[in-house]
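These are the residues of each chain, in order.
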Amino acid sequence: MTDKTVAAAADTRRRATPRVPESAALLLFLLLEIVFFTFNSPYFLTWPNWVNIFTAMSITGILAAGGTILLIGGQFDLSVGSGMAFVALMFALAAQAFGIVPAVFVAFLTGLGIGCLNGFLVTVVGVNALITTLGTLAIFRGLTLSIGGASSVRVNGFDWAIMRPLFDIPLSALLFVIIAIVVGCLLAFSVFGRTIYAIGANDTAARLVGIRTRITLFVAFLGSGLCMALTGLVSASQLGSTSGTTGMGLELAVVTAIILGGTTLKGGVGSMFGTVIGLLIVGVLNNGMTLMNINSTWQQVAAGALLILAVSFDQLRQRFLGR
């Protein structure tokens, strides 16, 4: 192994580990939120409320897991919300026609199909990921509204996501925790994870040293599609139905959490740990504002402000670090 290879591996390992000052700043912000809402609501620090926080962020968190891998690799997927809604609709229609088990296969095939389409357009055709996923966002939202109509499509006998087998925690929240751990380990300790960091840091250099960048990014898009399939099933199970408005605006929440967690827009830097902290910051803010009876429209204002704050912080950090 040459000195350059060793240095590159060390640099990749460094990128996979969240920098202490960044994590400390995020944790401090989260702690301040917790202290503020603790003093303003007697229900905030209760166990049922924290279970509610994790349950509420389970769908966003699963989508953010796939999104974190893509953004570290320098790519976007803005179609996650509409993709999830389309998966849920296909599952609901298939469940009514063929039963639950075949419908689950239909859901996974639909999610992987969306990921395959995005990956093909980006890695084979060469369309910018932002343009591609903006287009597929509109396509799948339109298809969901056209096929499903304005009314809800019910799903009966599929309530696994709301079961509480351990410490009164719903399975949907436990699924999010498992996926976060798996993706965190994948990014930090696997060859695939180090390859994603290398591609995000410098795509040309990664290609020159023999990394198969297109295939790796295609797999990352498939991973995002798999997350859409899982969240489509979780959503259908939690609500017992689906409609054309399911998942609307989720892409904003997902991107906000990922960038707030320290993953840069340029790629090459970030971690699943940071994304979880970003998710908690957004989740605690929404939950605390709800407990304080603040109108939900102001929660949208807060989400937008957090996104701008996160991107501004990202730009200032890159300028400070001289990247």
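The model shown is predicted, which means the values in this text are computed figures rather than measured ones.

Asker: Mind showing me how you'd approach the overall build of the protein here?
Answerer: Each helix and strand counted, the protein has 14 helices and two strands in total. Burial statistics for the protein: of 323 residues in total, 50% are counted as buried. Across the protein, contacts joining residues at least 24 apart in sequence account for 80% of those joining residues at least 6 apart. When the accessible surface of the protein is totalled, it reaches about 15100 Å², and 72% of it is carbon and sulfur.

Asker: Help me out: how do you make sense of a nonpolar patch on the surface in this one?
Answerer: A cluster of nonpolar residues, Phe-120, Val-124, Val-125, Val-127, Leu-130, Ile-131 and Leu-134, forms a patch on the protein surface that exposes about 580 Å² of accessible area. Contributions of two or more residues to the nonpolar patch are made by helix H6 (100–125) and helix H7 (129–148). Within the secondary structure, Ile-131 sits in helix H7.

Asker: Is there a simple way to think about the confidence of the model for the protein in this case?
Answerer: Residues of the protein with pLDDT of at least 70 account for 89%, and the chain-wide mean is 85. Across the protein, the element-wise mean pLDDT spans from 48 in helix H1 (residues 3–16) up to 94 in H6. Contacts of residues 1–10 to residues separated by more than four positions or lying in other chains number one contact, the stretch itself having pLDDT below 50.

Asker: Any chance you could explain the UniProt feature "transmembrane region" (unreviewed entry) in the protein here in plain terms?
Answerer: Per the UniProt annotation, the sites labelled "transmembrane region" (unreviewed entry) are residues 23–44, 50–72, 84–108, 173–197, 217–240, 252–285 and 297–316. Helix makes up 96% of residues 50–72 and strand 0%, and the two end C-alpha atoms of the span are 29 Å apart. Structurally, residues 173–197 comprises 96% helix and 0% strand, and the distance from its first C-alpha atom to its last is 28 Å.

Asker: Mind showing me how you'd approach the packing of helix H5 (residues 80–98) against helix H12 (residues 250–260) here?
Answerer: Packed helix pairs are specified by the crossing angle of their axes together with the interaxial distance, meaning the distance between the axes. At a closest axis distance of 7 Å, the pairing of H5 and H12 adopts a crossing angle of 130 degrees. Judged on the interaxial angle alone, H12 and H5 are oblique. Across the interface between the two elements, Val-80, Gly-81, Ser-82 and Met-84 of H5 pack against Leu-250, Glu-251 and Val-254 of H12. Tallied by class, the residues present in the contact of H5 with H12 amount to four nonpolar, two polar and one charged.

Asker: Please clarify how the packing of helix H4 (residues 58–72) against helix H8 (residues 171–189) should be interpreted in this entry.
Answerer: As a packed pair, H4 and H8 sit with axes 8 Å apart at the nearest point and diverge in direction by 15 degrees. By the angle between their directions, the pair H4 and H8 is classed as roughly parallel. Between H4 and H8 lies a crossing of left-handed hand. Packed against H4, whose contacting residues are Ser-58, Gly-61, Ile-62, Ala-65, Thr-68, Ile-69 and Ile-72, the element H8 presents Ser-172, Ala-173, Leu-175, Phe-176, Ile-179, Val-183, Leu-186 and Leu-187 at the interface. Classifying every residue of the contact of H4 with H8 gives eleven nonpolar, four polar and no charged.

Asker: Could you clarify how one ought to interpret the pattern of salt bridges in this entry?
Answerer: Two side chains bearing opposite charge may form a pair once their charged atoms approach each other closely. Considering all chains together, one arrives at two salt bridges under this definition. Arg-164 is the salt-bridge partner of Asp-168, the closest N and O atoms lying 3.8 Å from each other. Judged by relative accessible area, which is 42%, Asp-168 ranks as partly exposed. Assessed through its relative accessible area of 41%, Arg-164 is described here as partly exposed.

Conventions adopted
Residues numbered from 1 in each chain as written. Predicted model: local features only at pLDDT ≥ 70, side-chain atom pairs only at ≥ 80, totals over all residues. Heavy atoms only, no water. Helix = DSSP H or I, 4+ residues; strand = E, 2+ residues; numbered from the N terminus. Buried < 20%, exposed > 50% of the residue type's maximum accessible area, 1.4 Å probe, protein only. Contact = heavy atoms within 4.5 Å. Areas by Shrake-Rupley, 256 points an atom, 1.4 Å probe, with all protein chains shown as cover. Patch = residues over 30% accessible without salt bridge, like charges linked within 9 Å, V, L, I, M, F, W, Y side chains within 5 Å. Salt bridge = Lys/Arg side-chain N within 4 Å of Asp/Glu carboxyl O. pLDDT = per-residue confidence, 0-100. UniProt positions renumbered as here; feature names shortened; annotations may be inferred. Axes fitted to C-alpha atoms, helices over the stretch in contact; angles between N-to-C directions. Parallel < 35°, antiparallel > 145°, perpendicular 65-115°, else oblique. Nonpolar A, V, L, I, M, F, W, Y, C, P; charged D, E, K, R; others polar. Left-handed = near helix turned anticlockwise from the far one by under 90°.

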